[in-house]
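Here is how the chains run, residue by residue.
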Amino acid sequence: MFNIVKLLSVSFFLTISLSFQTVEAQKGYWQQDLNYKINVELNDYANLLIADMQLEYVNNSPTELKEIYFHIWPQAFSTDSSAYAIQELENRNLAFRKRKEKDLGALTGLAFTINGKAVPFKNYNNQVDIIILQLNIPLKSGEKLLIKTPFQVKIPASFSRLGHVGESFQITQWYPKPAVYDKNGWHPIPYLTQGEFYSEFGSFDVSITLPENYVVGATGDLQTESEKDFLNQKIKETEGIIDFGKNLDFPKSASKKKTIRYTQNNVHDFAWFADKRFHVLKGSVKLPNSEDSVICYSMFTNKYAKEWKKSLIYLQDAIYYYSLWNGNYPYKQVTAVDGTISAGGGMEYPNVTIIGPAGSDKLLETVIVHEVGHNWFYGILGSNERDFPWMDEGINTFYEKKYLATKYPDAKLVGKFSETGTARLLDIENYPSGYENYLLYLLNATKNEDQAIGSASTEFTQLNYAGIAYGKTGLAFEYLRTYLGTEVFDKAMKSYFEEWKFKHPQPEDIKNVFAQSTGKNLDWFFDDLLQTNKKLDFTIKKVKKNSENIEVSVQSKSDIPAPVFVSGLNDKGEVVESKTTEPFLGNTAISFSKPTIKSIKIDAFNKIPEINQKNNFSRVSGLFKKTEQIKLQLFGSIPNRDKNQLFIAPAIGYNFNDGLMPGLVLYNSLAITKKFEYEIVPLYGFKSKQLNGTGRLAYNWFPQKTFQRITLSSNYNQFTYFTNEGFIIKSDSGIVGQNVETKDLQFRKIQGKIEFELKRNSLRNAKKSFISARLVSVNKSILNTDLALFKYDNTNDLFSEINFRTLNNRVINPYSYYINVQQHDDFVKAEAEFNFSFSYKKKNKSADIRIFAGQFIYENKLQNASQYYFSFNGNNDYLYDQVFLDRSKVSEDFLNRQLSDNDGGFRNLTTAAPAKQMLSINAKVPLPISLPIGFYADAGISSYVDNFNNGNRGFYDVGIYVPIMKNVLEVYFPIFISSDLNQLNYGQKISFVFNIKSLNPLTAAKNFNL
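Small disclaimer: the values here were computed from a predicted structure and weren't measured.

**Student:** Sorry if this is basic, but what is going on with the overall build of the protein here?
**Tutor:** Each helix and strand in the protein was counted, giving 15 helices and 52 strands. In terms of principal-axis extent, the alpha carbons of the protein reach across some 110 × 85 × 60 Å. Burial statistics for the protein: of 1010 residues in total, 54% are counted as buried. The long-range share in the protein, meaning contacts at least 24 apart out of those at least 6 apart in sequence, stands at 65%. Of the roughly 44,100 Å² of accessible surface on the protein, a fraction of 55% belongs to carbon and sulfur atoms.

**Student:** Got a minute to help me understand the sheet that holds strand β20 (residues 279–286) in this structure?
**Tutor:** The strands that make up a sheet are held in pairs by hydrogen bonds between backbone atoms, and each pair lies either parallel or antiparallel. One open sheet holds the five strands; their spatial order is β20-β21-β22-β24-β23, and the pairing between them is mixed. The open sheet has two edge strands, β20 and β23 (346–349), and neither has a second partner. This sheet shows a mean twist of 15° between the axes of neighbouring strands, independent of strand direction. The pairing of β20 with strand β21 (residues 293–300) spans eight bridges and is classified as antiparallel. Each bridged residue has a counterpart across the sheet, and for Lys282 the counterpart in β21 is Tyr297.

**Student:** Got a minute to help me understand the sheet that holds strand β10 (residues 163–165) in this structure?
**Tutor:** The strand order β10-β11-β19-β16 describes an open sheet built from four strands, whose pairing is antiparallel. The outermost strands of the open sheet, each flanked by one partner alone, are β10 and β16 (215–218). Mean inter-strand twist for the sheet, computed between neighbouring axes without regard to direction, equals 10°. One ladder, built from four bridges, connects β16 with strand β19 (residues 272–275); its direction is antiparallel. Bridged to Gly217 within β19 is Phe273.

**Student:** Explanation requested: the packing of helix α9 (residues 435–445) against helix α10 (residues 462–484) in the structure shown.
**Tutor:** Relative orientation and spacing of two packed helices are given, respectively, by the angle between their axes and the distance between those axes. Contact geometry of α9 with α10 gives a least axis separation of 8 Å together with a crossing angle of 130°. Between α9 and α10, the interaxial angle falls into the category oblique. As for the relative orientation of α9 and α10, their crossing is left-handed in sense. Only Leu463, Asn464, Ala466, Gly467, Ile468, Gly471, Lys472 and Leu475 of α10 make contact with α9, whose side of the interface consists of Asn437, Tyr438, Leu440, Tyr441, Leu443 and Asn444. Grouping the constituent residues of the contact of α9 with α10 by class yields eight nonpolar, five polar and one charged.

**Student:** When you look at the side chain of Asn615 in this model, what are you seeing that I'm missing?
**Tutor:** Mapping Asn615 onto the fold places it in the loop between β30 (599–602) and β31 (617–619). Take Asn615: its relative accessible area is 16%, and that puts it in the buried class. When neighbours within four sequence positions are excluded, Asn615 is seen to be in contact with Asp537, Phe538, Thr539, Ile540 and Lys557.

**Student:** Looking at this structure, I do not really get helix α2 (residues 83–90). What am I missing?
**Tutor:** Structurally, the α-helix is built with 3.6 residues per turn, so residues lying three or four positions apart point the same way. Restricting attention to buried positions, one finds in α2 the residues Ala83, Tyr84, Ala85, Gln87 and Glu88. Elements that come into contact with the buried residues of α2 comprise β8 (127–139).

**Student:** Mind showing me how you'd approach the packing of helix α5 (residues 311–325) against helix α6 (residues 361–373) here?
**Tutor:** Across the interface, α5 lies against α6 with an axial gap of 9 Å and an inter-helix angle of 40°. Judged on the interaxial angle alone, α6 and α5 are oblique. Once α5 is placed against α6, the crossing between them reads as right-handed. Residues Ser311, Tyr314, Leu315, Ala318, Ile319 and Tyr322 of α5 form the contact with α6, whose own contacting residues are Asp361, Leu364, Glu365, Ile368, Val369, Val372 and Gly373. Class assignment for the residues of the contact of α5 with α6 results in nine nonpolar, two polar and two charged.

**Student:** For this particular structure, what's the right way to read the environment of Ile933?
**Tutor:** With respect to the element layout, Ile933 can be found in the loop between β48 (915–926) and β49 (934–945). Spatially, the C-alpha atoms of Ile933 and Lys416 are 46 Å apart, while their sequence positions differ by 517 residues. Those residues in contact with Ile933 that sit more than four places away from it in its chain are Pro926, Leu927, Ile960, Tyr961 and Pro963.

**Student:** Sorry if this is basic, but what is going on with the nonpolar core here?
**Tutor:** General note: in soluble globular proteins, nonpolar side chains tend to be found buried as a group. Grouped together as the largest cluster of nonpolar side chains are 184 residues, with contacts concentrated most on Trp174 and Trp272. A per-element tally of this core places α10 first, with 10 residues. Beyond its immediate stretch of four places on either side in the chain, Trp272 contacts Val40, Leu42, Leu49, Phe169, Gln170, Ile171, Trp174, Ile208, Leu210, Val216, Gly217 and Ala218. The next biggest cluster of nonpolar side chains, apart from the first, holds 32 residues, and it includes Phe647, Leu683, Phe827 and Phe906.

**Student:** Help me understand unusual backbone geometry, please; the structure alone is not making it clear to me.
**Tutor:** Even without being a glycine, Asn448 presents a positive backbone phi close to 60°. Its location among the elements puts Asn448 in the loop between α9 and α10. Note on Asn448: relative accessible area 8%, which makes it buried. Here the phi dihedral of Asn813 falls at roughly 55°; this positive angle occurs in a residue that is not glycine. Along the polypeptide, Asn813 turns up in the loop between β43 (795–808) and β44 (815–824). Using a relative accessible area of 23% as the deciding quantity, one classes Asn813 as partly exposed.

**Student:** I keep staring at a nonpolar patch on the surface and nothing clicks. Help me out?
**Tutor:** On the surface, a nonpolar cluster with roughly 580 Å² of combined accessible area is contributed by Ile652, Tyr654, Leu660, Tyr684, Phe686 and Leu691. Structurally, the position occupied by Ile652 is in strand β33 (residues 643–655). Note on Ile652: relative accessible area 40%, which makes it partly exposed.

**Student:** Looking at this model, I keep getting lost on the pairing of strand β18 (residues 257–267). Mind explaining?
**Tutor:** Look at any regular strand and the pattern is simple: side chains alternate between the two faces of the sheet. Where strand β15 (residues 202–211) lies against β18, nine bridges are found, and the strand directions are antiparallel. Residue pairing for β18: Ser207 is matched across the bridge by Arg261. Where strand β17 (residues 221–222) meets β18, two bridges bridge the pair, whose relative direction is antiparallel. What sits directly across from Leu222, in β18, is Tyr262.

**Student:** Please explain the confidence of the model for the protein as it appears in this structure.
**Tutor:** With 91% of its residues at a pLDDT of 70 or more, the protein has an overall mean of 89. Overall, residues 727–732 carries pLDDT values under 50, and its contacts beyond four positions in sequence, including any with other chains, amount to 34 contacts. Note that residues 787–792 has pLDDT below 50 and, in this model, 19 contacts with residues that lie over four places away or in other chains.

**Student:** How do you make sense of the packing of aromatic side chains when you look at a structure like this?
**Tutor:** Aromatic ring pairs: the centre-centre distance and the angle between the two ring planes describe each pair. What the rule picks out here adds up to 79 aromatic pairs. Between Phe747 and Tyr880 the ring centres are 4.0 Å apart and the planes differ by 20°, which places this aromatic pair in the stacked class. With Phe747 in strand β40 (residues 743–758) and Tyr880 in the loop between β46 (846–859) and β47 (898–899), the pair connects residues that are 133 residues apart, well separated along the chain. Owing to a relative accessible area of 4%, Phe747 belongs among the buried residues under this scheme. On the basis of relative accessibility, which here comes to 7%, the residue Tyr880 falls in the buried class. If you follow Arg99 out to its NZ or CZ, it ends over the ring of Phe96, 4.7 Å from the centre. Against the face of Phe770 rests Arg805, its NZ or CZ located 4.2 Å from the ring centre.

**Student:** Is there a simple way to think about the pattern of salt bridges in this case?
**Tutor:** Opposite charge on two side chains lets them pair, provided their charged atoms get close. Counted according to the given criterion, the structure contains 42 salt bridges. For Arg774, the salt bridge goes to Asp881, with nearest N and O atoms at 2.6 Å. Highlighted residues: Arg774 in strand β41 (residues 767–783) and Asp881 in the loop between β46 and β47, separated in sequence by 107 residues. Judged by relative accessible area, Arg774 falls into the buried class, the value being 14%. Close ionic contact of Arg850 with Glu833 constitutes a salt bridge, the shortest N to O distance being 2.8 Å. Of this pair, Arg850 sits in strand β46 while Glu833 is found in strand β45 (residues 827–839), placing the two residues 17 residues apart along the sequence. Where salt bridges share partners, they join Lys749, Arg774, Glu801 and Asp881 into one cluster.

The rules behind the values
- Residues numbered from 1 in each chain as written.
- Predicted model: local features only at pLDDT ≥ 70, side-chain atom pairs only at ≥ 80, totals over all residues.
- Heavy atoms only, no water.
- Helix = DSSP H or I, 4+ residues; strand = E, 2+ residues; numbered from the N terminus.
- Buried < 20%, exposed > 50% of the residue type's maximum accessible area, 1.4 Å probe, protein only.
- Contact = heavy atoms within 4.5 Å.
- Areas by Shrake-Rupley, 256 points an atom, 1.4 Å probe, with all protein chains shown as cover.
- Pairing = 2+ DSSP bridges.
- Axes fitted to C-alpha atoms, helices over the stretch in contact; angles between N-to-C directions.
- Parallel < 35°, antiparallel > 145°, perpendicular 65-115°, else oblique.
- Left-handed = near helix turned anticlockwise from the far one by under 90°.
- Nonpolar A, V, L, I, M, F, W, Y, C, P; charged D, E, K, R; others polar.
- Core = buried A, V, L, I, M, F, W, Y, C linked by side-chain atoms within 4.5 Å.
- Patch = residues over 30% accessible without salt bridge, like charges linked within 9 Å, V, L, I, M, F, W, Y side chains within 5 Å.
- Salt bridge = Lys/Arg side-chain N within 4 Å of Asp/Glu carboxyl O.
- pLDDT = per-residue confidence, 0-100.
- Phe/Tyr/Trp six-rings, centres within 6.5 Å; stacked < 30°, edge-to-face > 60°.
- Lys NZ or Arg CZ within 6 Å of the ring centre and 35° of its normal.

So this is what it looks like as structure tokens:
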């Protein structure tokens, strides 16, 4: 009895304490209140909205307002200088840049009055889609004013969210909307695709006029009885259709118009979608623990009608489960519409969501559930999405995955494909659905290019926006749920919902609610895991079996004091016993008592977003307790935490002298970066009858300061070619001669290199800089000689280089440059190169300019250093850096006319002498037409040396080129050539570039291997 009384007493005082803390946490909280009344008419012929708005603005803040910031977001589509247009270029999306004039958007016709008096406005901070409304009379705390204005919206083409495709209209972010004013001041934010919104709560009364045969899905409750009848008729028609067909033509707009009215309270946005082709379905769902029901509408075209016929189930289940886990849906209806959104798979608005193309049941359900879920995390809990995307996208991703795991507990990452032999062959059949979030996180995290979950939307790279703001946050909250337990976690989330619904919670608010609800210190989660990019990595340090139990020492290699889940497994790999620790740094001890435990595993159920899972296993006894099974995996696969994978794939190569070269490629990394990486590519030349190939070993470091990455690597290359270059022939009596015949030559190149990638101020910055140093050893030897009485001296050369290079791979006007100093026993030389591309605005083409300068600093006069002079063609590849199909200097085949982009860079073969000094400029100008054709021109001056003269000369060539694959495979046809170069017949002057180094390095290494 005493214990029960004590427990009840503690519970009572804890409840009183937490309630008091909650009141204190929200003490002084306020937010503005907005009440809209909008009348809008759609001109579907001119793609125009004609509207007027009156807005009651209530100042609940403690301060007096002299101005109000307004968003006029359609203006983002009016110019290339908008923040939206600039971000699209940063994200390498050229659709808006290439638009036609008629496809632009705009919001015009503003004429504000306040309480009947005209007031001025001005643009804010040169942002075309933000204005400041100057108040004629300051708005005091507790007072309200009435703002009125007409406005027009030119609806843009579907570049992002607001837009139209034909006569299908997505009307979003379309009206003048006040920026949020909260305890941190005003939040004026430009329209962006990557980065959503932050808006004030209020009420909406919106009347829409448009041709009467349009079907409309919108925020709010429909108030027009005639429109309800219209929708009911559409529902009957839809339910009677057996075969929807594929016709997507728009019917002619009705000459008669209708006006339909929607109202809604406690929302911070209003969106509507209109299409004359929509079919309509209607259902309802009863909320858990309530007698209330929610009406569900589904509106779709013929294109994916087969999938959309099941959409009501997805809507009903989403509303039910999110209500069950967080708190009941507070509105009367929810609508999903099939649309042509260009900003992603779907986009959420209060009560209504638009869904992009969805060609499968799984994809459609996933997107509908995610977007409907945003009614909680964005709609009801109105966090600042622009600054804290994890608070809506991340938490919503967690619940999306929870929903799918609840309904489909056995679902796999690759769906039904997991049941195929191909999936088993690729070792991808057993990964659970949702594992893609972990893989997305690893893509950048393994190379230290991930970003903190708490980063703003505008700071994320595109990959991190998906992999971190969405994916890693979802993983993190699953980690937290596992640590706290489902019951405790759900209670905290429900408390968060109830305390902050229809308000603007900040990160500290959800942290406080969780701390108060759970009674735990969760700084490790909210301050470290969410606000930094520190990596979690646990490892089993020691396992010791005693007579009564098994003692396990687990080490945290992270700076985050975090909990870990450790399990004991039987001899079948099944979990027998699991333990959860409290957050810790360094080492922690765990004891297991089950006698059937044969091995120990960290995070057996994949709940921790670790950077490395390869150190999570140990056997209880035996030798090599931590050694994992080696898995020989054909073609590569997803990283398998339980096996040491050795990837193997067939390879094929070719060059003129070796002929066709079949072989294998052995490697240990595919897309996920590893600290230690290797590629071994043995190839056999059918023509040369030689074993050739390439190899690479590399070790990567990822420091936290100064450098983004440090890579120490070693490369090996061996191939053969046909040559008559200078080799000394000896007999026992001494030197006999030189160059007596053409020969088959085999070269072996061994390279050691260290490269430092400098840290960037922002990962969104496309500019990268590198400092590297390398040592190159080249050995050449003669093969298959018939001069049995003689022996050849092999040549061995050693070169060293220091290089600094910068490249800015921005989508418009990219550029690069480098400075290189090379040293050999016989010379020291320096060279520099600058490349710039002038992008054509409306075409996916660019004019390219290259400038090269080279200078010998030192030359050993006692040796023949001319073989290392600068070449106008750039084909003097004595370091064997380039991939040449035919390195022969004596054959006449077309493959021998391959050029490279180094040295002078001329596009036609020349007989010009090599040079100790060289300055050249190269230009390629594609024609602004659809055909792949353009002009090229090269000009240069050199200080040359030949058998007869020393001096300076200038050279040029002009011609037409065909870029079959730009910068990879291009063919050059000369028109004008300076007389010094004009020593070959026309066929010999036609040349080409096959620059395999321009391809993806992984593709080049594993598929071409030339």
